[in-house]
Amino acid sequence: MTYILYNPLANGGNGEAGVSSLMETFAAERPEAVDLTSIDAAAFFAACAADDRVILCGGDGTLHRLVNALGGAAPAVPVHLWRFGTGNDFLRDAAPRDARSLLLNPYLDGLPAADVGGRRVFYLNGCSVGVDALVCRLLNECRAENRRAGYVSLAVRAILKQYRPMSGRVTVDGVTVAYDKIWLAAAMNGRYQGGGMKFAPDQDRAGDTLCCLVWHGTTPPGTLLRFPSVMIGRHAMFRKYCDFRYGRKIAVELDAPADIQLDGETYSGVTAYAARKPGQP
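Conventions adopted
- Residues numbered from 1 in each chain as written.
- Predicted model: local features only at pLDDT ≥ 70, side-chain atom pairs only at ≥ 80, totals over all residues.
- Heavy atoms only, no water.
- Helix = DSSP H or I, 4+ residues; strand = E, 2+ residues; numbered from the N terminus.
- Buried < 20%, exposed > 50% of the residue type's maximum accessible area, 1.4 Å probe, protein only.
- Areas by Shrake-Rupley, 256 points an atom, 1.4 Å probe, with all protein chains shown as cover.
- Lys, Arg positive; Asp, Glu negative; His and termini not counted.
- Charge placed at Lys NZ, Arg CZ, Asp CG, Glu CD.
- Core = buried A, V, L, I, M, F, W, Y, C linked by side-chain atoms within 4.5 Å.
- Contact = heavy atoms within 4.5 Å.
- Patch = residues over 30% accessible without salt bridge, like charges linked within 9 Å, V, L, I, M, F, W, Y side chains within 5 Å.
- Salt bridge = Lys/Arg side-chain N within 4 Å of Asp/Glu carboxyl O.
- Polar contact = N/O pair within 3.5 Å; in protein donor to acceptor, adjacent residues only side chain to side chain.
- Pairing = 2+ DSSP bridges.

Enquirer: Could you give me a rundown of the overall build of the protein, with the residues and numbers involved?
Expert: The helix and strand tally for the protein stands at nine helices and 14 strands. Here the C-alpha coordinates of the protein stretch approximately 60 × 40 × 35 Å along the principal axes. Burial statistics for the protein: of 281 residues in total, 51% are counted as buried. Carbon and sulfur atoms provide 51% of the accessible area of the protein, an area that totals close to 12,600 Å². Distance between charge centroids for the protein: 9 Å, based on 30 positive and 28 negative side chains.

Below, the structure written as structure tokens:
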């Protein structure tokens, strides 16, 4: 049996349109469409037969929902991700540019997790606290209210008017560095997050470390001037302000509450998080 597992909220709330297209594409297999938001995903996969397969229709948010429903482990049946999202950071990193689909199973085991507000959250691409997470929250709020808003305009407003950089400490594999004026502190598993922003240009998701990026010390105008460099991964040239470190466990402590995002899903009022590769306490 072929199942098309979809998220109606994907692609700006147009997830059902993607299902209609896939039902036509795989019509010969007589697929069954299943709404991911209305089921217990772990129970669904446990009930699948050995010769079943699942086509996941969605983007990074849909992936994030699935990997956490499965507890950071790959299911026994093959799952193919079909490109149908707004950001598609995972596919951008893991598949050729023109790929419409990708077998997910090899990527779903050994995922990093972050401890946020007393809960453990698995993620595929990136986890970060600061101005980028604030922009993600504002964008999610606009989508929930069916208001049109662009990432660039929200980012400009957040950098110049809304976000207040703070002091904090970032520990990578036991080595702590204190920073002033932290704009963002990320623990990247892949190279991309935020819809194509190349936060960690040298990161290898198949490796055994996370990439820690701390952007600090710039003024709001200086941040706005340099921030577009993230789109192509050129921010590493600002060595005074962009600190890259690599490790298996990254802990961030802030002196004031901020937003945090994991694969685009946001939480507010966070003052600390700890991200780790599997096997780390």
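Enquirer: Kindly report on the nonpolar core, identifying the contributing residues and their values.
Expert: Membership of the largest hydrophobic core comes to 50 residues, with the highest contact counts inside it found for Val 170 and Tyr 273. For this core, the leading source of residues is strand β10 (residues 175–188), giving eight residues. Dropping the residues within four chain positions of it, Val 170 is found in contact with Val 175, Thr 176, Val 177, Tyr 179, Ala 185, Cys 212, Val 214, Arg 245, Ile 250, Ala 251 and Val 252. Ala 41, Val 77, Ala 95 and Leu 104 belong to the second-largest nonpolar core, a separate cluster that totals 28 residues.

Enquirer: Describe a nonpolar patch on the surface, listing the residues and the values that go with them.
Expert: A cluster of nonpolar side chains, Val 152, Val 156 and Leu 160, forms an exposed patch at the surface whose accessible area comes to about 240 Å². On the secondary structure map, Val 156 appears in helix α8 (residues 151–162).

Enquirer: Explain the environment of Asp 89 to me, and be specific about the residues and the numbers.
Expert: Following the sequence through the fold, Asp 89 ends up in helix α5 (residues 89–94). With 108 residues separating them along the chain, Asp 89 and Met 197 place their C-alpha atoms 8.3 Å apart. Setting aside residues no more than four positions away along its own chain, Asp 89 makes contact with Asp 60, Asn 125, Tyr 192, Gln 193, Gly 194, Gly 195, Gly 196 and Met 197. Here Gly 194 takes part through its backbone nitrogen, which lies 3.1 Å from a polar atom of the side chain of Asp 89.

Enquirer: Any details on the side chain of Gln 261? Residues and values, ideally.
Expert: Looking at where Gln 261 falls in the secondary structure, it is placed in strand β13 (residues 249–262). Reaching out from Gln 261, the side chain makes a polar contact with the backbone nitrogen of Gly 264 at a distance of 2.8 Å.

Enquirer: Could you give an account of the pairing of strand β9 (residues 166–172), naming the residues involved and the relevant values?
Expert: Regular strands place side chains that alternate from one sheet face to the opposite one. Burial of β9 is extensive: five of the seven residues sit out of reach of the surface. Sheet topology places β9 next to β10; six bridges connect them, and they run antiparallel. In the strand pairing of β10, Val 172 is matched with Val 175. If you look at the hairpin formed by β9 and β10, you'll find two residues sitting between the two strands, and Asp 173 has a positive phi there, around 50 degrees. Bridge analysis of β9 against β13 gives five bridges, and the strand direction is antiparallel. Residue Arg 169 lies in a different strand from β13, and its bridge partner there is Glu 253.

Enquirer: Hey, could you go over unusual backbone geometry for me, with residue numbers and the actual values?
Expert: Unlike most non-glycine residues, Arg 30 shows phi in positive territory, near 50 degrees. If you trace the backbone, Arg 30 turns up in the loop between α2 (15–25) and β2 (32–35). Judged by relative accessible area, Arg 30 falls into the exposed class, the value being 70%. A positive phi angle, near 50 degrees, is found at Asp 173, a position not held by glycine. Along the chain, Asp 173 falls in the loop between β9 and β10.

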